[in-house]
Each structure stands twice: as structure tokens, then as C-alpha cells.
Amino acid sequence: MSYPKNSDTDDVHGIARDQLRAFVERIERLDEEAKALNDDRKDVYGEAKSMGFDTKILKKVIAIRRQDHDQRMEEEALLDTYLQALGMVPAAEEE
């Protein structure tokens, strides 16, 4: 079956193809940059580890610093409540 050619089809197979290629190439460049940044991040963690820092804790510190203060306070209060309920920490004294 043959489809008739029209200007819309030409645009789809011409201009859209070029736009698609441009998007794909931009995404590929960004992926390469992201990989390079991830390699750099890995190097920094390795350097910190060689200086005696615990990288697992460093990652937690970074995650905490990214959080909104109120969100962090709410999560810490809830965590404390759960730990108290499980007997993992002493209950806070009521005044």
C-alpha cells in the first residue's frame, strides 16, 4: 500500500527527524556529563573515605541538608516516636 505524499508527511520525515536527532544528541551529551559528574562524586567520596570519614554517614548528611527544615523536624519526631514505641530509645520525660 502506498501513502500519498503531502507536505505534512515531508515535514514529519524531514524536519521532525532533524529535531528528533537534535534532542537525542543533546540527551546523550547530558548523559555523558552526568556520568562524568557521578565519577567525580565517587572520587570525592573515595577521598573522604581515605581521610577516615564514613561515606554512608556523609550521604545521610547530604540528604538531610537537602530537606526542608520543617519536613526534617517532622520526620525526626516521627522517627523518635517509632523508636520509643519499639523500646529502642528511652521515652522523653513529660514535664
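My aim in this report is to walk through the structure given alongside it, one point at a time. This is a predicted model, so every value here is computed, not measured.

Re the overall build of the chain
When its secondary structure is counted, the chain shows 4 helices and 0 strands. Of the roughly 9,100 Å² of accessible surface on the chain, a fraction of 56% belongs to carbon and sulfur atoms.

Examining the pattern of salt bridges
Inspection of the entire model under this criterion finds 3 salt bridges. D39 serves as the salt-bridge partner of K35, at 3.0 Å between the closest nitrogen and oxygen. One end of the pair, K35, and the other, D39, are both in helix α2 (residues 15-50), 4 residues apart, so they sit about a helical turn from each other. A salt bridge links R72 to E76; the shortest N-O distance between them is 3.9 Å.

Here's the deal with the packing of aromatic side chains
Geometrically, a pair of aromatic rings is defined through the distance of the ring centres and the angle of the planes. Per the stated rule, a full pass over the model turns up 0 aromatic pairs. The side chain of K59 reaches across the aromatic face of Y45, ending 5.0 Å from its centre.

Comments concerning helix α3 (residues 55-66)
Look at α3: 17 Å from first C-alpha to last across 12 residues, which is about the 16 Å you get at 1.5 Å a residue. Where α3 begins, the side chain of D54 points an oxygen toward the backbone nitrogen of K56, at a separation of 2.9 Å.

Examining the packing of α2 against α3
Contact pair α2 / α3: the axes reach a minimum separation of 9 Å and the direction vectors enclose 125°. One way to sum up the angle between α2 and α3 is to call them oblique. Relative to α3, α2 is oriented so that their crossing is right-handed. For the pair formed by α2 and α3, the contact residues are Y45, A48 and K49 on the first element and T55, L58, K59 and I62 on the second. Grouping the constituent residues of the contact of α2 with α3 by class yields 4 nonpolar, 1 polar and 2 charged.

Focus: α2
In an α-helix, one turn spans 3.6 residues, which is why side chains three or four residues apart end up on the same side. Over its 36 residues, α2 runs 53 Å from end to end, which matches the ideal 52 Å to within 8%, given 1.5 Å per residue. One or two steps after α2, the chain reaches G52, where phi turns positive at roughly 100°.

What to know about a negative patch on the surface
Residues E25, E28, D31, E32 and E33 make up a contiguous surface patch of negative charge. Mapped onto the elements, E33 comes out in helix α2. Residue classification places E33 among the partly exposed positions, given a relative accessible area of 47%.

Conventions we followed
Residues numbered from 1 in each chain as written. Predicted model: local features only at pLDDT ≥ 70, side-chain atom pairs only at ≥ 80, totals over all residues. Heavy atoms only, no water. Helix = DSSP H or I, 4+ residues; strand = E, 2+ residues; numbered from the N terminus. Areas by Shrake-Rupley, 256 points an atom, 1.4 Å probe, with all protein chains shown as cover. Salt bridge = Lys/Arg side-chain N within 4 Å of Asp/Glu carboxyl O. Phe/Tyr/Trp six-rings, centres within 6.5 Å; stacked < 30°, edge-to-face > 60°. Lys NZ or Arg CZ within 6 Å of the ring centre and 35° of its normal. Expected span 1.5 Å × (residues − 1). Polar contact = N/O pair within 3.5 Å; in protein donor to acceptor, adjacent residues only side chain to side chain. Axes fitted to C-alpha atoms, helices over the stretch in contact; angles between N-to-C directions. Parallel < 35°, antiparallel > 145°, perpendicular 65-115°, else oblique. Left-handed = near helix turned anticlockwise from the far one by under 90°. Contact = heavy atoms within 4.5 Å. Nonpolar A, V, L, I, M, F, W, Y, C, P; charged D, E, K, R; others polar. Patch = residues over 30% accessible without salt bridge, like charges linked within 9 Å, V, L, I, M, F, W, Y side chains within 5 Å. Lys, Arg positive; Asp, Glu negative; His and termini not counted. Charge placed at Lys NZ, Arg CZ, Asp CG, Glu CD. Buried < 20%, exposed > 50% of the residue type's maximum accessible area, 1.4 Å probe, protein only.

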